[in-house]
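Coordinate inspection notes
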Amino acid sequence: MSSKPFAITLDVGTSLANRTGSWRTLRPVYVNRLPPCNAKCPAGEQCQAWLYHAESGDYRHAWEKIVEDNPFPACMGRVCYHTCESACNRGELDESVGINAVERFLGDHALENGWSFKKPETKSGKRVLVVGAGPAGLSAAYHLARMGHEVCVRDGAKAAGGMMRYGIPKYRLPREVLDKEIARIAELGVKFELSREVTDLAAEMKEGGFDAVFLGVGASLARRAYIPAGDAAHVLDAVTVLRSMEGEEQPLLGRRVVVYGGGNTAIDVARTAKRLGAEPLVVYRRTRERAPAHQFEIEEAIEEGVHMKWLSTIAHADEGEIRIEKMKLDESGRPVPTGEFETVSADSVVLALGQETNLKFLEGIDDLQMENGSVVVDGSMMTGLPVVRCLPPKNASPRPSAVSTRGTTRMRPSPCVPSLTSFAVRRRSTRWSRGSPSRLRSSRPAAACPAATASSATTATASVLTMPSSSSVPARSSASTTSTARAAASAPTSVPAARSTWCPSPSDAPDAVRSRDRTGRKK
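The rules behind these values
- Chains are numbered independently. Their residues run from 1 in the order of the written sequence.
- With the structure being a predicted model, the display of local features is reserved for residues of pLDDT at least 70 and the display and counting of side-chain atom pairs for 80 or more, all residues being used for whole-chain, interface and lining totals.
- Hydrogens and waters are ignored; side-chain quantities use all the structure's heavy atoms.
- Lines fitted to C-alpha atoms define the axes, with helix axes restricted to the stretch in contact, and inter-axis angles between N-to-C directions lie between 0 and 180 degrees.
- The way it works is that DSSP assigns letters per residue, a run of H or I at least four long becomes a helix, a run of E at least two long becomes a strand, and they are numbered from the N terminus.
- For classification, angles of less than 35 degrees are called roughly parallel, those exceeding 145 degrees roughly antiparallel, those between 65 and 115 degrees roughly perpendicular, and all remaining angles oblique.
- Handedness of a crossing is defined here by the sense of rotation of the near helix relative to the far one, left-handed for an anticlockwise turn of less than a right angle and right-handed for a clockwise turn.
- The contact criterion used throughout is that any non-hydrogen atoms of two residues lie within 4.5 Å.
- Residues are sorted three ways: Asp, Glu, Lys and Arg are charged, Ala, Val, Leu, Ile, Met, Phe, Trp, Tyr, Cys and Pro are nonpolar, and all the rest, Gly among them, are polar.
- Pairing between strands requires that DSSP locate at least two bridges from one strand to the other.
- When accessible area is computed with a 1.4 Å probe and restricted to protein chains, residues below 20% of their type maximum are described as buried, those above 50% as exposed, and intermediate ones as partly exposed.
- The directions from the helix axis to the C-beta atoms form the arc being described.
- Polar contacts, as used here, are pairs of N or O atoms within 3.5 Å; protein pairs need one atom able to donate a hydrogen and one able to accept it. Residues neighboring in sequence count only if both atoms are side-chain atoms.
- Note on ring pairs: Phe, Tyr and Trp rings are taken, using the six-membered ring of Trp, and paired if centres are within 6.5 Å. Classes follow the plane angle, with under 30 degrees stacked, over 60 edge-to-face and the rest tilted.

1. As for the packing of helix α3 (residues 47–55) against helix α6 (residues 100–113)
Any two packed helices are characterised by the angle at which their axes cross and by the distance between the axes. Running from N to C, α3 and α6 cross one another at 70°; their axes reach a closest spacing of 11 Å. Put simply, α3 runs roughly perpendicular to α6. Where α3 crosses over α6, the two elements pack in a sense that is left-handed. From α3, Trp-50, Leu-51 and Ala-54 reach across to α6, where they touch Val-102, Glu-103 and Leu-106. Split by residue class, the contact of α3 with α6 holds five nonpolar, no polar and one charged.

Quick look at the structure:
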C-alpha cells in the first residue's frame, strides 16, 4: 500500500472525479436560443420579444412585433389555446407566464387607437389569387400584400373570416373585433370578392391573369356517420348549426339537444345551445380524459350547466328520443359495446364528428396529385403545379405527404420567459440548450441567405405562394414551419437570417451573469 497522500496518487485525468484541477476555471459559453414559448407557439410569434416591449410600456412596438407574424392579435387573444404555457420554464417555479391577456390587451389597444399596418413602399407587379377568406387565406393575403404583391381573395361566403366567423361562437369571438382586424388587412390594398365560389381553378387563373395561387379553402363540410334514425328524427351537423348562428334566424333545436362528439366543436355547439335556452347533453363514446376537447373547455361547459355522458354512443334516433348504448374500455383502452341501453329524451341531435375539405374545384388540373381527399405537397407546401401552394394540416412533416387545405383556427396564446440568454450551467435552462441549430434565433444580423420558403400559421394557419422564377422580391426568412404565412420569392435574395447561432465570449456577458465557480465566487 502506498504511503503517499491520496491526492498525489491520483492518475492523470482523474481530477474531474474529485472536482479539482483546471476545469474549475472554465467558463460556460452564452448562447442565444429560441425560448420554449416561441418554439411552441403554432403561429410562430416571438413571444419573448414583444412581451419585452410590452413590459417596458412600449405598446406600439410590442404590437408591431406581434403583427410581424400574426395579423390577428385581438382575435388570438380571445380564442387561442395558449399551447406554449406547457413549455414555459416559469411553470417549474410557480406557474407559467400567461400572455393571452397581454396579447388581447395589445390587440384591443391597437384597435382603440386606430393603429394600422405599414404599407409596402414598392410594388412587385405580381398578382396572386387567394382561394378562401378564412384565417389561412387572410394571413396569406396579409403577408403577400406587405411584400408588395397584388392580392385578390375570393370566397363563397357573404363575409370574410371563414371558421373564425362561421365556426367560433360569438361569445368567444365578438364579430366587431373580427371585422376590424379584417378591415385592417383590406387597407393594405387586398381586394375581396365575396359570395363568389371558385368552381374551376384553372379558369380562374387564366381569366384573372394570376401569377400564383394560394389554397386555403378550409374544412367546411361536416363529416357524417351512420346512425339508425326514424323519418321524424331531427338530426343536424355542428357546422350547419354554428353557421346558422350568423344569420338572422336562430336554428330550431328544441329544448332538449343531444350533441354527439367529444371535440371542441361539440363543446361549442353545446354551450351555444345552452345560450339559446336549451338543455344540452354531450354524448361521447370514450372517457373524459380521452376526449379531444381541451379539459378547461369541458370544465367551463359543465359549470354553465351542460351535461355530459361519457362511454356512450347513440344506437338509434327517433322523434323525441334517442337510444344510447353504454360502452366500456377493453384491455387496449378502446371502447366496446356492452349491450346495455337507455332511452333519453331529445328534440334534436347534432353530430360533431369532424370536418372535411371540399376540393371539387381542383378537378381537371392534371399536375395536382390527390390522395384520400387531400392535396399532395412537399415540405415547402408546393403542389405539383409550380404556381400553386397548399396549406398543410397541423404537425405536417417536411417530407412529401398528402395534406388537406385546412387551417387550425382556435388556440390561445402561450407564456413567455423574460430572457433569451441561456446560462449553460444552470439546470433550469437546459431545455433551451437542446434542439437543432435550425431552431436557434440570432440576436444580431447574420450573413445573406436565400429567400426562405413560406410557412403556416395555426391560429390563423396559412401557407404562401412561390412566384415564377423571374421574380425577385425580398422575403424575410423563417425556419419555423408553424409561423403565420408569408410570401417568398423563388430567386435568391440577400436578407438577414432569422434563425442562427451566436456564441459570445465571456467578456461580452454582463458581470451580473458571469460564470461563478462551485462555491459561488465570481471568477
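2. Details of the sheet that holds strand β9 (residues 279–283)
Strands sit in the order β7-β14-β8-β9-β10 across an open sheet of five strands; the sheet is parallel. Each edge of the open sheet is held by one strand with a lone partner, namely β7 (235–237) and β10 (307–309). Pairwise comparison of adjacent strand axes, ignoring direction, gives a mean angle of 25° for this sheet. Direction of pairing for β9 relative to β10: parallel, over a ladder of three bridges. Bridge pairing in β10 places Val-283 opposite Lys-309.

3. Section: the pairing of strand β2 (residues 127–131)
Burial of β2 is extensive: four of the five residues sit out of reach of the surface. The pairing of β2 with strand β3 (residues 150–154) spans five bridges and is parallel. Considered in β3, the bridge of Val-131 is made with Arg-154. Of the strand pairs in this sheet, β2 and strand β5 (residues 212–215) are connected by four bridges, and their pairing is parallel. Looking at the pairing, Val-131 lines up with Leu-215 of β5.

4. As for helix α10 (residues 201–208)
Along α10, the residues that are buried comprise Leu-201, Glu-204, Met-205 and Gly-208. All buried residues of α10 lie within an arc of 100° about the axis, which places them on one face of the element. The exposed residues of α10 that point more than 90 degrees off its buried face are Lys-206 and Glu-207. The distance from a side-chain oxygen at the start of α10 to the backbone nitrogen of Ala-202 is 3.3 Å, and the residue carrying that oxygen is Asp-200. In the segment just after α10, Gly-209 is the residue with positive phi, at about 65°.

5. Section: the packing of aromatic side chains
In total, this model carries six aromatic pairs according to the counting rule given. Centroid distance Tyr-59 to Phe-105: 5.0 Å. Interplanar angle 80°. Geometry classified as edge-to-face. Pair noted here: Tyr-59 is in helix α4 (residues 59–66) and Phe-105 is in helix α6, with a separation of 46 residues, a long-range link. Assessed through its relative accessible area of 31%, Tyr-59 is described here as partly exposed. Overall, the relative accessible area of 38% leaves Phe-105 in the partly exposed class. Measuring from ring centre to ring centre gives 6.4 Å for Tyr-284 and Trp-310, while their planes differ by 90°; the resulting arrangement is edge-to-face. Within this pair, whereas Tyr-284 is found in the loop between β9 and α13 (295–304), its partner Trp-310 is found in the loop between β10 and β11 (312–318), the two being separated by 26 residues in sequence.

6. A closer look at the side chain of Thr-313
Note on placement: Thr-313 falls in strand β11. When its relative accessible area of 14% is taken as the criterion, Thr-313 is described as buried. A distance of 2.6 Å separates a polar atom in the side chain of Thr-313 from a polar atom in the side chain of Tyr-260. In contact with Thr-313, other than residues within four places in its own chain, are Tyr-260, Val-283, Arg-285, Arg-323, Ile-324, Glu-325 and Met-327.

7. A short note on unusual backbone geometry
In this structure, Ser-195 takes a positive phi of about 55° despite not being glycine. Within the secondary structure, Ser-195 is located in the loop between β4 (191–193) and α10. Positive phi, normally seen in glycine, also occurs at Leu-311, with a value near 50°. Looking at where Leu-311 falls in the secondary structure, it is placed in the loop between β10 and β11.

8. Things to note about the environment of Asn-264
Following the sequence through the fold, Asn-264 ends up in helix α12 (residues 264–275). Sequence spacing of Asn-264 and Ala-291 is 27 residues, and the spatial spacing of their C-alpha atoms is 9.1 Å. In terms of polar contacts, Asn-264 uses its side chain to reach the backbone amide nitrogen of His-294, at 3.1 Å.

9. Quick look at the pairing of β11
Counting buried positions along β11 yields five of seven residues, so the element is predominantly enclosed. Note: β11 against strand β12 (residues 321–329), six bridges, orientation antiparallel. From the neighbouring strand, Ala-317 faces β12, where its bridge partner is Ile-322. Between β11 and β12, which pair antiparallel in sequence order, lie two residues; one of them, Gly-320, sits at a positive phi of approximately 85°.

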